[in-house]
Amino acid sequence: MSERPSSEDPKVLKERERNAFPFFLSYRTRWIDNDQYSHINNSVYYHLFDSVVNTYLIQHAHFSPSQSRLIGLVVSSHCHFFSPLSFPAVLDLGLRVTKLGSSSVTYEIAVFEENSRVPSAVGGYTHVFVDRDTRKSAPIGPDTRVGLEKLLASSSRL
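The sections below set out a description of the structure shown in this document.

## What about the side chain of Asn34?
For step 1, the next point in the chain: Mapping Asn34 onto the fold places it in the loop between β1 (23–28) and α2 (42–60).
For step 2, the next point in the chain: Residue classification places Asn34 among the buried residues on the basis of a relative accessible area of 18%.
For step 3, the next point in the chain: Excluding anything up to four places from it in sequence, Asn34 contacts His39, Ile40, Ser86 and Phe87.

## As for the sheet that holds β1
For step 1, the next point in the chain: In space, the five strands of this open sheet follow the order β1-β3-β4-β5-β2, with antiparallel pairing throughout. Taken across any chain shown, the strands that pair with only one partner, and hence form the sheet edges, are β1 and β2 (70–81). Recorded for the sheet is a direction-independent mean angle of 25 degrees between the axes of neighbouring strands.
For step 2, the next point in the chain: Here eleven bridges tie β2 to strand β5 (residues 121–131), and the two strands are oriented antiparallel to one another.

## A short note on the nonpolar core
For step 1, the next point in the chain: Judged by nonpolar contacts, the single largest core of 34 residues is most densely connected at Tyr45, Leu91, Leu95 and Tyr107.
For step 2, the next point in the chain: Of all the secondary-structure elements, those providing two or more residues to this core are β1, α2, β2, β3 (90–100), β4 (104–113) and β5.
For step 3, the next point in the chain: Tyr45 has contacts with Ile40, Cys79, Phe81, Leu85, Val111 and Ala121, leaving out every residue within four places of it along the chain.
For step 4, the next point in the chain: The next biggest cluster of nonpolar side chains, apart from the first, holds five residues, and it includes Phe21, Ala110, Phe112 and Val122.

## Some words on unusual backbone geometry
For step 1, the next point in the chain: Residue Pro88 is bonded to the preceding Phe87 through a cis peptide linkage, with omega at 15 degrees.
For step 2, the next point in the chain: Looking at the secondary structure, you find Pro88 in the loop between β2 and β3.
For step 3, the next point in the chain: At His62, a position not held by glycine, the phi torsion is positive, near 50 degrees.
For step 4, the next point in the chain: For Arg135, which is not glycine, the phi torsion reads 65 degrees and is therefore positive.
For step 5, the next point in the chain: Looking at the secondary structure, you find Arg135 in the loop between β5 and α3 (142–149).
For step 6, the next point in the chain: A residue is classified by how much of its surface remains accessible, and Arg135, at 48% relative accessible area, is partly exposed.

## Describing the pattern of salt bridges
For step 1, the next point in the chain: A complete count under the given rule lists six salt bridges for this structure.
For step 2, the next point in the chain: Across the salt bridge formed by Arg96 and Glu108, the nearest N and O atoms sit 3.1 Å from each other. Separated by twelve residues along the polypeptide, Arg96 in strand β3 and Glu108 in strand β4 bring together distant segments of the chain. When sorted by exposure, Arg96 lands in the same class as Glu108, which is buried.

## So, the environment of Ser43
For step 1, the next point in the chain: If you trace the backbone, Ser43 turns up in helix α2.
For step 2, the next point in the chain: Owing to a relative accessible area of 42%, Ser43 belongs among the partly exposed residues under this scheme.
For step 3, the next point in the chain: Along the primary structure Ser43 and Asp33 are separated by ten residues, whereas in three dimensions their C-alpha atoms are 9.1 Å apart.
For step 4, the next point in the chain: In terms of polar contacts, Ser43 uses its side chain to reach the side chain of Asn41, at 2.8 Å.

## Structural notes on α3
For step 1, the next point in the chain: By the burial criterion, the buried members of α3 are Thr144, Gly147 and Leu148. An end-on view of α3 places all buried positions within 95 degrees of arc, on one side of the element.
For step 2, the next point in the chain: Lining the buried residues of α3 we find α2, β3, β4 and β5.

Rules and cut-offs
Residues numbered from 1 in each chain as written. Predicted model: local features only at pLDDT ≥ 70, side-chain atom pairs only at ≥ 80, totals over all residues. Heavy atoms only, no water. Helix = DSSP H or I, 4+ residues; strand = E, 2+ residues; numbered from the N terminus. Buried < 20%, exposed > 50% of the residue type's maximum accessible area, 1.4 Å probe, protein only. Contact = heavy atoms within 4.5 Å. Pairing = 2+ DSSP bridges. Axes fitted to C-alpha atoms, helices over the stretch in contact; angles between N-to-C directions. Core = buried A, V, L, I, M, F, W, Y, C linked by side-chain atoms within 4.5 Å. Salt bridge = Lys/Arg side-chain N within 4 Å of Asp/Glu carboxyl O. Polar contact = N/O pair within 3.5 Å; in protein donor to acceptor, adjacent residues only side chain to side chain. Arc of directions from axis to C-beta.

So yeah, pure geometry; function would need other evidence.
Shown next as structure tokens:
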């Protein structure tokens, strides 16, 4: 009996296409993004993930990282690399939500080279929203939830 591949299986992620992601942010790589092997250093991908997620939250989910009562803490993260990228590439960062709970959200981010159909990397992380002062888990605010629901992958709707 053959098992169906998981949506987190690298083989499945590698075939993810642009139309799976409802939001995109363009990123122009910098010389400093390259490492000694002349490709974007692995750590830079996590900066890209933070950039696309926080840009979306600020612009489309009424979230202010410096002023909101709640803050999102990253509790897990991952990235699968499929092909190298390097300066001076222009990247398209695709964002979607794969799971939306009462106080947590799991994002999937694909890194596409401009005009590429398939991603060079796919990863993501889980935010748990907590009270800024007590750091206790708290329900996602209604405005933020509405924004995040717009990113829900079709198979992930609750």
